[in-house]
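Descriptive analysis of the structure
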Amino acid sequence: MRLDRFLSNFPRFSRQDSRLLISAGRLRVDGEVISDPRFDIRDFQRVELDDELLQAGRSARYWMLHKPVGVVSATEHDEHRTVLDLLDEPDKRELHLAGRLDLNTSGLLLITNDGRWSRRITQPQQRKPKVYHVTTEQPITGEYAEVFARGLYFAFENLTTLPAGLEVLGSHHARLTLFEGRYHQVKRMFGHFRNRVVALHRERMGEIVLDPHLAPGQYRALTAAEVASV
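Residues numbered from 1 in each chain as written. Predicted model: local features only at pLDDT ≥ 70, side-chain atom pairs only at ≥ 80, totals over all residues. Heavy atoms only, no water.

An unreviewed UniProt entry annotates the chain as Pseudouridine synthase of Pseudomonas straminea. Taken verbatim from the UniProt record of the chain, the Function (unreviewed entry) comment is "Responsible for synthesis of pseudouridine from uracil-516 in 16S ribosomal RNA." Under Catalytic activity (unreviewed entry), UniProt gives the following word-for-word description of the chain: "uridine(516) in 16S rRNA = pseudouridine(516) in 16S rRNA". (UniProt positions renumbered as here; feature names shortened; annotations may be inferred.)

**What to know about the overall build of the chain**
The number of helices and strands found in the chain is 6 helices and 15 strands. Its C-alpha atoms give the chain a radius of gyration of 22 Å, clearly above 17 Å, the size a compact globule of 230 residues would have. Dimensions along the principal axes, computed over C-alpha positions, put the chain at roughly 70 × 40 × 35 Å. Expressed as a percentage of the 230 residues in the chain, the buried residues total 43%. Pairs at least 24 residues apart make up 59% of the contacts formed inside the chain by residues separated by at least 6 positions. Accessible surface, the chain as shown: approximately 12600 Å² in total, 48% of it carbon and sulfur. Of note, the chain has its 33 positive side-chain charges centred 4 Å away from the centre of its 31 negative side-chain charges. (Helix = DSSP H or I, 4+ residues; strand = E, 2+ residues; numbered from the N terminus. Rg over C-alpha atoms; globule rule 2.2 N^0.38 Å. Buried < 20%, exposed > 50% of the residue type's maximum accessible area, 1.4 Å probe, protein only. Contact = heavy atoms within 4.5 Å. Areas by Shrake-Rupley, 256 points an atom, 1.4 Å probe, with all protein chains shown as cover. Lys, Arg positive; Asp, Glu negative; His and termini not counted. Charge placed at Lys NZ, Arg CZ, Asp CG, Glu CD.)

**Digging into the UniProt feature "domain: RNA-binding S4" (unreviewed entry) in the chain**
Listed under "domain: RNA-binding S4" (unreviewed entry) in the UniProt record, and renumbered for this structure, are residues 1-58. As annotated, residues 1-58 comprises 26% helix and 21% strand, and the C-alpha atoms at either end are separated by 15 Å.

**Concerning the pairing of strand β11 (residues 165-170)**
In regular strands, side chains alternate between the two faces of the sheet. Taken together, the 5 bridges between β11 and strand β12 (residues 173-178) define a ladder with antiparallel strand orientation. Across the sheet, Leu166 pairs through a bridge with Leu176, a residue of β12. Two successive antiparallel strands, β11 and β12, enclose a turn made up of 2 residues. (Pairing = 2+ DSSP bridges.)

**A closer look at the pattern of salt bridges**
As enumerated under the stated definition, the model contains 18 salt bridges in all. Between Asp50 and Arg26 there is a salt bridge, with the nearest N and O atoms lying 2.6 Å from each other. Of this pair, Asp50 sits in the loop between β3 (47-49) and β4 (52-55) while Arg26 sits in the loop between α2 (15-23) and β1 (27-29), and the two are 24 residues apart along the sequence. The class for Arg26 is partly exposed, based on a relative accessible area of 36%. For Asp85, the salt bridge identified is with Arg93, shortest N-O distance 3.7 Å. (Salt bridge = Lys/Arg side-chain N within 4 Å of Asp/Glu carboxyl O.)

**With respect to the layout of surface pockets**
By volume, the largest pocket amounts to about 450 Å³. Along its surface, the largest pocket is lined by 22 residues, and Arg100, Tyr132, Gly181, Arg182 and Arg202 are the ones closest to its centre. At the level of elements, β8 (130-136), α5 (185-191) and β13 (197-205) are the ones that each hand at least two residues to the lining of the largest pocket. (1 Å grid on protein atoms, 1.4 Å probe; cavity = no way out; pocket = protein on both sides within 12 Å on 5 of 7 lines; lining within 4 Å. Points joined across faces, edges and corners; volume = space filled by probe spheres on them.)

Structure follows, in structure tokens:
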């Protein structure tokens, strides 16, 4: 929200009052004087008018979870345990998921209360790579990589997928890199070859890699470098 709008939301400040206060240098955001009325205020920032605190700011929280198979990527569910049930954190209902994983998919899941941050890593136009380890029922041949690199047509959405990278690791194992997140995309891509995906594990989103020290169900806070990489 713009700083002038933030101020004018207080009944005692008109829009003109807000502009005058800002131009006079009486507003500080996180300790810094701000004189631009268009400055964008976030919920996590401390806002002061002279010595009066207008907004204390809340802490931005960022977590990496090793999601196990059988846990739902949701904040609540009637039948299954959810990923939030795995967190031992206060006010966890304020958190949301930055991307989801299917019930039977394991691996890296990012959880935060920062909506802008999560949009940056999940919006398709950002083209952030998502890397998966795929295990299939039938052998994977060299043809798969060629087809995935060209893109596959999905009739239901009437679109062609973005080029994807495939590294064959073994007869039934591969590492797949996607730059979008279509509905059941990995399973549908391998389904093009009538090859069923029997296990799917996400290893990376953008520059954030699942911590190898996290067992399924465990989590940790992201480092400052990981947060800044998005």
